[in-house]
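Breakdown of the fold
Residue strings, one per chain:
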Amino acid sequence: MIIKKILSLAASIISLIILQLLFLVNSSSEENNSKYYSNDNGVLSLMYHRFNENKYTSTNIRMEVFSQQMEIIKSLGFKFYDPKLFLDELNKPKDEKKILITIDDGFKSFYDEAWPYLKKNNIPFILFISTEPVGKFGYMTWEEIKEIDNSKIGNIGHHSHTHEYLIDMTEKEFENDINTATKIFQNKLGYVPSIFSYPFGEYSLYMKNYISKQFKVAFGQHSGIIDINKDKFELPRFPINEKYGELKRFKSIINYNPLEYKLLKPNQKKLNKKNNPPKLVVEFFNEQKNIKNINCYSNDGGAWKKSNLKFELNTLIIDFKEPFFPRRGRVNCSLNDNGKWRWFGVQFTIKKN
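Right, let's walk through the structure included here. (Residues numbered from 1 in each chain as written. Predicted model: local features only at pLDDT ≥ 70, side-chain atom pairs only at ≥ 80, totals over all residues. Heavy atoms only, no water.)

**Some details on the nonpolar core**
Counting 44 residues, the largest nonpolar core has Leu46, Tyr48, Ile101, Phe110 and Phe125 as its most contacted members. Ignoring anything within four residues of it in the chain, the contact list for Leu46 reads Ile73, Ile99, Leu100, Ile101, Thr102, Phe238, Ile240, Phe250, Ile253 and Ile254. (Core = buried A, V, L, I, M, F, W, Y, C linked by side-chain atoms within 4.5 Å. Buried < 20%, exposed > 50% of the residue type's maximum accessible area, 1.4 Å probe, protein only. Contact = heavy atoms within 4.5 Å.)

And the structure:
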């Protein structure tokens, strides 16, 4: 009887300790995920692909224009952000805005054209590599990738294996694609990059959750400025190419500021017949002034137009009247905050029926 009481008391004590540990873990998790208005000046990330490959207008930038864009950044007094510092300081509000350069896909034209310029001007960057095309015609070799990896300014990111439309794969196929690239990176570079970029900026909720367990951060291709409240696995970038790289527009982009929000729904960015059109809900912080000055434009129905906005206190609601067309739906919102332009964007991926 006495032994039973002792065992029962011991079990109670152990249960209490476990509950306390779970409470501490949950408290820590909530604290790490807590959001607050930080007045963060943010990190503006730019995305490039090809250089001086003029027949690919949707992904190309002429080196003459690229060098002028880099000079605009310098002339405005902004600093290029070292990706290593970016990771270390992700949860710290920025006293001054930083510029983060990213390049996707590892095309040979990057190595031949842009790499010498970036090296000469000591501009740090992330180069996102898909492992399957490495060494094929038009792409960099592993020797060239290692050269950049061994430099002081080049940082390698994970960009899947095949660079196919991963969102159209089964869950198992998607996991296999990511894991295949991971093994190749480990074999070729001796480590696995901790930064990921979704091919075409497309991801489902399942994909994002899987990536969040494998990497420190992940980038999409929706426009916006990174602040401490942005989802670390849905980080925005401004795509720059011949069409959207015109210098006047570029100067405007560089001067955009973060628009911080507490919550954005839906979490699922992959749409089908059942959830297209979605309802976009964005809850802003009470400290954000002039929120009623916001304007949003979207391409639901297949054409860009001004969205109809509804407010409930500090929460913005957009009920899209028409479904988004395959393959991508976009929403861009800007706010004139006493002359300071703030911006954020959302991208949906629409499954073809």
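**Overview of the packing of helix α6 (residues 171-189) against helix α7 (residues 205-212)**
Packing of α6 against α7 leaves a shortest axis separation of 11 Å and a crossing angle of 35°. The interaxial crossing formed by α6 with α7 has right-handed handedness. On α7, the residues that touch Glu171, Phe174, Glu175, Ile178 and Asn179 of α6 are Tyr206, Met207, Tyr210 and Ile211. Looking at side-chain class alone, the contact of α6 with α7 contains six nonpolar, one polar and two charged residues. (Axes fitted to C-alpha atoms, helices over the stretch in contact; angles between N-to-C directions. Helix = DSSP H or I, 4+ residues; strand = E, 2+ residues; numbered from the N terminus. Left-handed = near helix turned anticlockwise from the far one by under 90°. Nonpolar A, V, L, I, M, F, W, Y, C, P; charged D, E, K, R; others polar.)

**Observations regarding the state of the cysteines**
Throughout the structure, instances matching the rule amount to one disulfide. The side chain of Cys296 participates in a disulfide bridge whose partner is Cys333; the two sulfur atoms lie 2.1 Å from each other. For the disulfide bridge between Cys296 and Cys333, the dihedral angle about the S-S bond is near 110°, and by the sign convention the bridge is right-handed. You can see Cys296 sitting in strand β15 (residues 295-298) and its partner Cys333 sitting in strand β19 (residues 328-337), a full 37 residues away along the chain. Neither Cys296 nor Cys333 differs from the other in exposure class; each is buried. (Disulfide = S-S within 2.5 Å.)

**Regarding unusual backbone geometry**
With an omega of 10°, the peptide bond between Lys265 and Pro266 qualifies as cis. Checked against the element boundaries, Pro266 lands in the loop between β12 (261-265) and β13 (270-271). Across the junction of Pro326 and Arg327, the peptide omega takes the value 20°, indicating a cis bond. Positionally, Arg327 belongs in the loop between β18 (315-319) and β19. Backbone geometry at Asn290 places phi at a positive 60°, although glycine is not the residue there.

**Brief notes about the pattern of salt bridges**
The final tally for this structure, using the stated rule, is 22 salt bridges. Residue Glu71 pairs with Lys74 through a salt bridge whose shortest N-O separation is 3.5 Å. Residue Glu71 and its partner Lys74 are both found in helix α2 (residues 63-75); the two are separated by three residues, about one turn of the helix. With its nearest N and O atoms 3.5 Å apart, the salt bridge here joins Glu96 to Lys79. Of this pair, Glu96 sits in the loop between α3 (83-88) and β5 (98-104) while Lys79 sits in strand β4 (residues 79-80), placing them 17 residues apart in sequence. Ionic contacts of the salt-bridge type, sharing partners, join the residues Asp168, Glu202, Arg327 and Arg328 into one network. (Salt bridge = Lys/Arg side-chain N within 4 Å of Asp/Glu carboxyl O.)

**As for the layout of surface pockets**
It is a probe the size of a water molecule, rolled over the atoms, that shows where empty space is left. Looking at the largest pocket, its volume works out to about 970 Å³. Along the wall of the largest pocket there are 35 residues; nearest its centre are Ser58, Pro239, Asn241, Tyr244 and Arg330. Where the lining of the largest pocket is concerned, the elements lending two or more residues are β10 (238-239), α8 (247-254), β19 and β20 (340-350). Broken down by element, the lining of the largest pocket gets its largest block of residues, four residues, from β19. Reported here for the second largest pocket is a volume of approximately 740 Å³. Lining the second largest pocket are 31 residues, with Lys35, Asn229, Lys230, Asp231 and Lys232 positioned closest to its centre. (1 Å grid on protein atoms, 1.4 Å probe; cavity = no way out; pocket = protein on both sides within 12 Å on 5 of 7 lines; lining within 4 Å. Points joined across faces, edges and corners; volume = space filled by probe spheres on them.)

**Overview of α6**
The terminal C-alpha atoms of α6, which comprises 19 residues, lie 27 Å apart, in line with the 27 Å expected from a rise of 1.5 Å per residue. Of all the positions in α6, only Phe174, Glu175, Asp177, Ile178, Ala181, Phe185 and Leu189 are classed as buried. Down the axis of α6, the buried set is contained in an arc of 160°. They therefore lie on one face. Across α6 from its buried face, at more than 90 degrees, point the exposed residues Lys172, Lys183 and Asn187. (Expected span 1.5 Å × (residues − 1). Arc of directions from axis to C-beta.)

**Some details on empty space enclosed by the protein**
According to the stated counting rule, one finds two cavities of 30 Å³ or more in the structure shown. Computed from the structure, the largest cavity encloses a volume of approximately 40 Å³. As for the largest cavity, its lining consists of Asp40, Gly42, Val43, Phe86, Leu90, Lys94, Ile226, Asp227 and Ile228. Grouping the amino acids of the lining of the largest cavity by side-chain chemistry returns five nonpolar, one polar and three charged. Estimated volume of the second largest cavity: approximately 30 Å³. In terms of lining residues, the second largest cavity is bounded by Asp105, Gly106, Ile129, Ser130, Pro133, Val134, Tyr139, Met140 and Ile145.

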